[in-house]
Structure formats: C-alpha cells, structure tokens
Amino acid sequence: MHISRVVTITLAGRGAHAVAPLYLAPFQDINFPSSESASNPLQWLGANGPWYAGPDVFGISPEVPENCHVDRAAYISRHGSRYPDQGAYEGWLSMYERFQTPTYTARGSLSFLSSWQPVLTNPMSQIAMENPTGAKEAYDLGYTLRTRYPDLYREGDEFIVWANNYTRVLQTASMFVRGFLGFAASRQGSVISVTSRGFPASVGDSLAPSDMCPNFQDEEGGDYKATWDDIWIPPIQERLQALIEGNLTLTASDVNQMPYLCGFESHITGRLSPWCDVLSDEELKQYEYSNDLRYYYGVGPGTDLPKKMLTPFLNALVGLLQSEPINGTRADGTTFELPKLLVSFLNDGQLTELVTASGVFDEQPPLSATEKDDNRLWVGSRYVSMRGTIAFERLNCTVEDGSEPDPFSRYSNSTVPVSDLPKSASPTTAGRPTTDATYVRIRLNDAVYPIPSCRNGLGSSCKLSDYAQYVVEKYVAEGDWIKNCNVTVTTDTPTRVKGASFFTDLSKPWVSQLAV
C-alpha cells in the first residue's frame, strides 16, 4: 500500500514562522501488504480492517495552516482491532466443520480450505477482547498525539481519558494512556469509565446514549444492504464454486464472511490471512460498499432516530471547545483542570453517529442499493476502521484586522476553501493590524474533512462560533431527545439531556475512575 508522507506544521509561538517538524511517528502505523489476488486487501474492509490513515479526499493539507496553532483538541476513537464476538466466532466454527469433510477437493485460491482452522488459540479468554494489533494501534495513537501536540500536555501533569464501560473499549483507552505517558502512565494516567445503562439520570449523558433510548433500533442497512448483497455476492459465489470439485457448496454467507475473515485473521495474527488471497480489489470494494450501506442506513445519515443519538454529546463537546479554562469536579469534591487534549473511546455505532452529527457528510446523496458509487464521500473504511477516529482541532489563528466576521462561509454564503480564493481576498498579516480568531477543523483518520456549509477559515476550517451555531440549529431541529426515544420519565430523568456532563463531573454514579 503506497501512502505519501505528510509533514505537519506547527508554530513555536504567536507570530512565529512556520516550522515543519520531521516526526519519528510513522504516518501509517500498520503495514498493508498485497495479497495474491489484491493490491490492498486490508484497505477495503470497512469496519473490519485495521486502522489506516485516511486518503486526502478533499486536497486539504492536514498541516496546521500558517498563522494558526492548535491550542485545544478533542479525539474520539473507536476501540482498536479485536477478537471476534461470540456469534461471529460460532459462524467461523460452522464453516470449519463443513470444510473438514473429506468429500471435496478445492484448488486455486481455495486450496487451503481443507487445512484451514479458526486462528483463536484460547477462545474463552480471547472472545470480544482487544487483540495485539489493537493494543499496538492504541499505544501508537498515544505516542503520535503526544508528539503531534507537544503544547497540549505539560510533563508531570495528570492525564485523564474517557471510555465507554465496555471491556475492549477500556483496554484501548488504557493502552492509549501508556503510549501517551510511557512509564509515567501508572502514576499520572487514568481512565474514566462511563456506564451507559441502568441510571435514569444518565439518559443522553454517556458515550453510548442509544443504550437508554427505547425507540432506538439499528437496522444494519436493512433492505438496502440485502438488495446489494444479492447483486455482488452471486457472481463471486459462482466463480469460487468452480474451484471446488465434490460435495461442498459455498453459500452466500460463506462469501460474505471471507472479507471479514481476511481482516480479522490478519489483525489477530499480525500476518496476512489466506482469505485475503481469495477476492480481488474490486470484489473487496463491493464488500466495502455493502459495509457502507450497513452503516449509512443502520446508524448514519440514512436513518431518522439513530443519527440523532450523539448530537447532544457533540453540542456539549463544542461548548467545551469554546471554554477556557475548564474545571471539573472529582468524586471527592476536589477540582481538576480538563486536559487540553480531550480523548474518549467508544464503539463503531457511536462513532458513526457522531461522525454523522458532525456535518462532514451533509452533502452526501443517499446511497443506492443497486449501484456502487465509486466517487461517494461516505466510505466507512476511512473513519470506522478499527481504532477509527474523529478529531476536532481548535485553531487559534492570527488574521487581518477587519476580516472578522469572514465573508466566506454559509454563515457567510460560500463553500469555497480559502486556499482557492483570489489572493486579494485571502487572509494575510503582512504589514497590517491583526487579531486572533478561533476556528475548528475536523479530521477523520487524520484526513481533513470540511463542513460543507462552513469553510470560512484557513485550511477550510470553520469559525468556532459559526460551528457552534450550526450544531445548536441541528440539535433544535432534531426535537426533544427524550421524547424521540420514548424514555420512561422518572424523578431522576433530566428534563433535557446533558450530552457529556461526565467530562467535568466525575461524581456521577455512572462514572468511575480506573487506574491504567
């Protein structure tokens, strides 16, 4: 897999010249080897492949724009690569039992079938847990962010991260802290576990709010995915069946499992699985599109209620980005200062709901159930991969006096990136009075994704106050979260959900602080 190297620009201080540091952290932490049948088999696996740095689909550099510096950031990440859940593993065992029958002969890319067996060596301890590649992904992210944002953490300070109370999510958070703090992790680091069930007061105030939403239902793509699966699977099923002589019939489920096995076996063992030798790049992209339909019409833009789940969280998060400094309260009543690098961990569904709420896919047309659009923006492999990440960077930028408010956004009528504007219209500080302005930009798996209706800042960022207005308008338009969910109201149920009060109030009964 060829990935061009990216160098990030930071500023030593306000008014300083841009300096391009040469990072020791690699741009891509995991190797993506070619297989016998595909050039990039691990890249097209949607939510089932290891993390990889997303492509620069907008042509926007991830470098910090000149005359700007990142003074606060929030990263929200899915857990790292993992072992299969029990249901998936049982499916593997079922395939294994069928493939062990001596009444067939497979050749070509399927010649390994009779000797194949599931790669778990101790299922009782492995099922649903983080695997070694996931641990590496989390540790590497910690190291990368520590070196990417050296000004957002002071050596010796306490460092806290947040995680949905789910074992593999907590494991990811713990490994991240170790990568971020190194040997100081046990002394200065901790994980705040946020439980999403069982507390009426926590309704709409966790990292998995759908768990307390009775009306929530993940349709997993519904008829859209089923229709597409009936299109892409049969030709592959027929091609592969021709490689088998004797009494073994491949099912549509078998074919659908092959890309899944390619991804999981590879990141479980750290070696490319033989299943990655079976399908071509194009066939894997067809599987990837099936995965995209699963998320788009399961918990993404193609839904009614699921896409609203994380809007309260986003609203609260943006409020934190607008504040300085931010103090929180511990369980014992003492105060603490919220980290300038705010990191939290959750699951794939919640990450998709947050990415949807963020607005970066607002101009994505509905996905077709019958035709794959190779130019679509909605590609799950680029954000909901294992350890998939959405980041919100707060940019403090020095701009020419009088250029605020800027005329280049929806809250100023343009979707043209500043870099594409005539030079006479671009912000500049040369020899003119300047002022500081605050913007936000969003990154999915490190690639910059602009808000279509708000690209009024350097590097197609959005003025933070405009983005806050955008989020509030969306939140209001979506209606009352408690009524939408048909929550049973008790004396403890909030009248309006808080979204993410657990960042600043560690005394809540559904919040606990864990050692790393």
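Check the entry above for the structure.
For clarity, every value in this text was computed on a predicted model and none was experimentally measured. (Residues numbered from 1 in each chain as written. Predicted model: local features only at pLDDT ≥ 70, side-chain atom pairs only at ≥ 80, totals over all residues. Heavy atoms only, no water.)

Asker: I'd like a description of the pattern of salt bridges, backed by residues and values.
Answerer: The tally for this structure, following the rule as stated, stands at 24 salt bridges. Glu155 is the partner of Arg146 in a salt bridge, and the nearest nitrogen-oxygen pair spans 2.5 Å. We classify Glu155 as exposed; its relative accessible area is 58%. As a salt-bridge pair, Lys372 and Glu282 come within 3.1 Å of each other at their nearest N and O atoms. Within this pair, whereas Lys372 is found in the loop between helix H10 (348-358) and strand E11 (389-400), its partner Glu282 is found in helix H8 (residues 281-296), the two being separated by 90 residues in sequence. Within the structure, one salt-bridge network assembled from shared partners comprises Asp71, Arg72, Glu324 and Arg394. (Salt bridge = Lys/Arg side-chain N within 4 Å of Asp/Glu carboxyl O. Buried < 20%, exposed > 50% of the residue type's maximum accessible area, 1.4 Å probe, protein only. Helix = DSSP H or I, 4+ residues; strand = E, 2+ residues; numbered from the N terminus.)

Asker: I'd like a rundown of empty space enclosed by the protein, residues and numbers included.
Answerer: A complete count under the given rule lists six cavities of 30 Å³ or more for this structure. Each pocket or cavity is described by its volume, and for the second largest cavity that value is around 60 Å³. Taken together, Val440, Arg441, Ile442, Val448, Tyr449, Pro450, Ile451, Cys454, Ser460, Ser461, Cys462 and Tyr467 make up the lining of the second largest cavity. When contributions to the lining of the second largest cavity are tallied by element, the ones reaching two or more residues are strand E12 (434-444) and strand E13 (447-449). The element that contributes the greatest number of residues to the lining of the second largest cavity is E12, accounting for three residues. For the lining of the second largest cavity, a count of residues per class yields nine nonpolar, two polar and one charged. (1 Å grid on protein atoms, 1.4 Å probe; cavity = no way out; pocket = protein on both sides within 12 Å on 5 of 7 lines; lining within 4 Å. Points joined across faces, edges and corners; volume = space filled by probe spheres on them. Nonpolar A, V, L, I, M, F, W, Y, C, P; charged D, E, K, R; others polar.)

Asker: Which residues make up the state of the cysteines, and what values go with them?
Answerer: Under the criterion given, the structure shown has four disulfides. Disulfide pairing places Cys262 opposite Cys276 at an S-S distance of 2.0 Å. Because the sign of the S-S torsion sets the handedness, a value of about 100° for the bond joining Cys262 and Cys276 places this disulfide among the right-handed ones. Here Cys262 is found in helix H7 (residues 252-269), whereas its partner Cys276 is found in the loop between H7 and H8, with 14 residues between them in sequence. Of the two residues examined, Cys262 and Cys276, each falls in the buried class. Along the protein chain, the cysteines engaged in disulfide bonds are linked according to the scheme 1-5, 2-8, 3-4, 6-7 when indexed in sequence order. (Disulfide = S-S within 2.5 Å.)

Asker: Before we move on, could you go through the nonpolar core and cite the residues and values that matter?
Answerer: Grouped together as the largest cluster of nonpolar side chains are 115 residues, with contacts concentrated most on Leu113, Trp162, Trp275, Phe313, Phe392, Tyr467 and Phe503. Once residues within four sequence positions are removed from consideration, Tyr467 is found in contact with Leu314, Val318, Ser358, Phe392, Val440, Ile442, Ile451 and Cys462. Listed in part, the 32 residues of the second largest apolar core include Leu141, Leu152, Ala173 and Leu341. (Core = buried A, V, L, I, M, F, W, Y, C linked by side-chain atoms within 4.5 Å. Contact = heavy atoms within 4.5 Å.)

Asker: I'd like a rundown of the environment of Arg387, residues and numbers included.
Answerer: Mapping Arg387 onto the fold places it in the loop between H10 and E11. In contact with Arg387, other than residues within four places in its own chain, are Asp29, Trp51, Ser77, Arg78, His79, Gly80, Glu137, Ala138, Leu141 and Asn445.

Asker: Tell me about the layout of surface pockets, residues and numbers included.
Answerer: In this structure, the largest pocket encloses a volume near 940 Å³. Lining the largest pocket are 36 residues; nearest its centre among them are Asp218, Glu220, Arg294, Tyr295 and Asp348. For the lining of the largest pocket, the secondary-structure elements that each account for two or more residues are H7, H8 and H10. With five residues, H8 is the largest single contributor of residues to the lining of the largest pocket. Broken down by class, the residue content of the lining of the largest pocket amounts to nine nonpolar, 15 polar and 12 charged.

Asker: An account of the packing of aromatic side chains is needed here, citing residue identities and associated values.
Answerer: For any two aromatic rings, the description comes down to two numbers: the centre-to-centre distance and the angle of the planes. Scanning the entire structure with this criterion turns up 33 aromatic pairs. Here Trp162 and Phe503 contribute two aromatic rings whose centre-to-centre distance is 5.1 Å and whose plane-to-plane angle is 75°, an arrangement assigned as edge-to-face. With Trp162 in strand E5 (residues 159-164) and Phe503 in the loop between helix H12 (481-485) and strand E15 (511-515), this pair connects stretches of sequence that are 341 residues apart. Across this residue pair, the class does not change: Trp162 and Phe503 are buried. Judged by centre distance (6.0 Å) and plane angle (25°), the rings of Phe176 and Phe180 are stacked. Note that Phe176 and Phe180 are positioned in helix H4 (residues 167-181) at a spacing of four residues, about one turn of the helix. Residues Phe176 and Phe180 agree in their burial class; the two are buried. Chaining the aromatic ring pairs together yields one cluster made of Phe58, Tyr224, Tyr296, Tyr297, Phe361, Trp378, Tyr383 and Tyr449. Cation over ring: Arg294 sits above Tyr295, and NZ or CZ is 4.4 Å from the ring centre. Positioned above the aromatic ring of Trp51 is the side chain of Arg387, whose terminal nitrogen or guanidinium carbon lies 4.3 Å from the ring centre. (Phe/Tyr/Trp six-rings, centres within 6.5 Å; stacked < 30°, edge-to-face > 60°. Lys NZ or Arg CZ within 6 Å of the ring centre and 35° of its normal.)

Asker: Please provide a residue-by-residue account of the packing of helix H9 (residues 311-321) against H10, values included.
Answerer: H10 packs onto H9 with a crossing angle of 65° between their chain directions and a minimal axis gap of 9 Å. The hand of the H9/H10 crossing is right-handed. Of the residues in H10, those in contact with Thr311, Phe313 and Leu314 of H9 are Leu354, Ala357 and Ser358. Partitioning the contact of H9 with H10 into residue classes produces four nonpolar, two polar and no charged. (Axes fitted to C-alpha atoms, helices over the stretch in contact; angles between N-to-C directions. Left-handed = near helix turned anticlockwise from the far one by under 90°.)

Asker: Summarise helix H6 (residues 222-241); cite the residues concerned and give the values.
Answerer: Relative to the 28 Å expected for 20 residues at 1.5 Å per residue, H6 spans 27 Å between its end C-alpha atoms, a close match to the ideal helical length. The largest bend in H6 amounts to roughly 30° and is located at Ile233, with the proline Pro234 lying one to four residues further along. By the burial criterion, the buried members of H6 are Lys225, Trp228, Asp229, Trp232, Ile233, Ile236 and Leu240. Among the structural elements, strand E7 (244-246), H7 and H8 are those in contact with the buried residues of H6. (Expected span 1.5 Å × (residues − 1). Bend = angle between axes of the 7 residues up to and from the residue.)

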